[in-house]
Structures are given as C-alpha cells and as structure tokens.
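Fold and contact review
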Amino acid sequence: MVGVGGAGRARRVVVAVAAAALLGGAVAGCGGGPGSGSGDGPGAAASAAVVRTSPIADVLAKLPARVEGAKVVVGRPEAPRTAQVLVDPRCGYCARFEEAGGETLLKLAAEGRVKVEYLLASFLDRDGASGSVKAVNALRASVDEGKFAEYQAAVFASQPKGKFTDELLLEIADRVPGLRGARFDGAVAEMTYEGWVGEAERAFEATGAQGTPVVLVDGQPVGAKDRSMFDAAAFAGALKGVGIG
C-alpha cells in the first residue's frame, strides 16, 4: 500500500515525465528529490547568511507588483509580452538565475517591454527543512508593502547555506527601505499567507515542471538548454530571440 506522501510523489513523477518534452528535458537546476536543492538534507540547521541587496535595487524599488491568483505579476499591466518564471527560494540554481537572467528580465520589465509572472514554489521545503514556505510567505507579504521585486532580489542574493528563518527574512527586509512594519513583521511571524503558499505550490506542480528555475515565454522554455539563463548578456540575447528586448 502506498502512503499519502508516496502517492503524491508518484503523481509528481508522472506529471514531470509527461511534461519533459515541453520543458526541454533535463537541465541544470533544482529537482524534487532529497538533497536536490542547495545540498542541505532534511533537518539541516540554519546557518549564518551574508545579507545582500541587488545592484539594481533602485530600479526594482520602482517596479509595481500585484497578486493574480497564485502568481505575483511584476511590471506594467500594459506590457506587450509576458514571461513566466518558476523559482524556489532555496534553490541555489534559482539564486544564480536571479543574479543574471532574472536581473536582465526585470530591467526589461522596468522599461515596460515585458511583465513577469512569478510562480513561487516551495517543493524543496521537506518537512520544514529549508524554510522555502517561510520565504514564500514573506515574499507574498512584501507585495502588500509595494516592495516585492526589491525584496525578492535580496532574498535570493542572501540565500543561506542552511534554511530561511523568520529572523533572517526580517534581517533581509531591513535592507529594503520601507518594508519593515507591524503588518509585514506580523505576516512573517504568523505565516499569514501559508494558504496562498500552498496554492502557489500547487500551481507550480500543475505546470509539470521538473524543477527550478524555469522561464517560459508563450509556453516555451527560454535559456534552459543552453544555460544562457545564468549569464545576463546571453539571456538578453535569448529573450531577443523570442521577441523580448
């Protein structure tokens, strides 16, 4: 007899296999198996992180963001193109993407050329081992304060070797002017958006993605097979190839 957790994992494998062709097959990234995130296994202790902000924090601070169902959409509503980005806060490859291709994409969003739909996954949070759920909850709370793009960049730039904790998420928030306050701090401490975090994870799973990061434009992956998503200039070229830029 297969338990509930085993059945869930089995369904995830079936979905992943069915979507392999769409998402371009196996590429460098974080998958759903044990130890597939940053290399930390379940129960890894929190470790000190160097808190950093994005070098384009001033640009990100001006980017609007809004919640649309299970997604956070960054950029002007009237932008002519849309890119969908799938990331997990504890995925080391996602952090590499965010400092390269992700930054490129957000610069284009700031110019009004594209809007970015983020699906924030938390599949790496095995029994609370990574703090992905906590991080996604805090990211959702940052939308209410008008600080999502800037805070998300800082969260990935400050990714710890252990797990995200409330203390670390608030320490990162200290570096984003205007983010800390009773409402944001309370949402972090009380996991106000835990239900939404689950909704976002289910929406991520429904895409059939085998892992993160993934960037989709018109339903097709961009920058995965050639790994251009990890190089800002190369990813800018890949986006131009699909009409963004």
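Overview of the structure.

Parameters and conventions
- Residues numbered from 1 in each chain as written.
- Predicted model: local features only at pLDDT ≥ 70, side-chain atom pairs only at ≥ 80, totals over all residues.
- Heavy atoms only, no water.
- Helix = DSSP H or I, 4+ residues; strand = E, 2+ residues; numbered from the N terminus.
- Buried < 20%, exposed > 50% of the residue type's maximum accessible area, 1.4 Å probe, protein only.
- Contact = heavy atoms within 4.5 Å.
- Areas by Shrake-Rupley, 256 points an atom, 1.4 Å probe, with all protein chains shown as cover.
- Core = buried A, V, L, I, M, F, W, Y, C linked by side-chain atoms within 4.5 Å.
- Disulfide = S-S within 2.5 Å.
- Pairing = 2+ DSSP bridges.
- Axes fitted to C-alpha atoms, helices over the stretch in contact; angles between N-to-C directions.

As for the overall build of the chain
A count of helices and strands for the chain gives nine helices and six strands. Across the 245 residues in the chain, those meeting the buried criterion constitute 52%. Across the chain, every contact between residues at least 6 apart in sequence was considered, and the portion connecting residues at least 24 apart equals 77%. Carbon and sulfur atoms make up 53% of the accessible area of the chain, which totals about 10600 Å².

Brief notes about the nonpolar core
Tyr118, Leu120, Tyr151 and Phe184 are the most contacted members of the largest nonpolar core, which totals 70 residues. Setting aside chain neighbours within four positions, we find Phe184 in contact with Ala138, Ala141, Ser142, Glu145, Tyr151, Leu170, Ala173 and Leu179.

Overview of the state of the cysteines
A full pass over the atoms with the stated rule returns one disulfide. Here Cys30 pairs with Cys91 through a disulfide, and the sulfurs are 2.1 Å apart. A torsion of 90 degrees about the S-S bond marks the disulfide between Cys30 and Cys91 as right-handed. Taken as a pair, Cys30 in the loop between α1 (4-19) and α2 (57-60) and Cys91 in the loop between β3 (82-87) and α3 (92-110) lie far apart in primary sequence, 61 residues in all.

Examining the sheet that holds strand β5 (residues 214-217)
Across the sheet, six strands lie side by side as β1-β2-β4-β3-β5-β6; this open sheet has mixed pairing. Two strands close off the open sheet at either side, each with one partner strand: β1 (65-68) and β6 (220-221). Where strand β2 (residues 71-74) lies against strand β4 (residues 115-120), three bridges are found, and the strand directions are antiparallel. Bridge pairing in β4 links Val74 to Val116. Here α3 sits on the sheet and contacts β2, β3, β4 and β5; the angle it forms with β3, its principal contact strand, is near 160 degrees.

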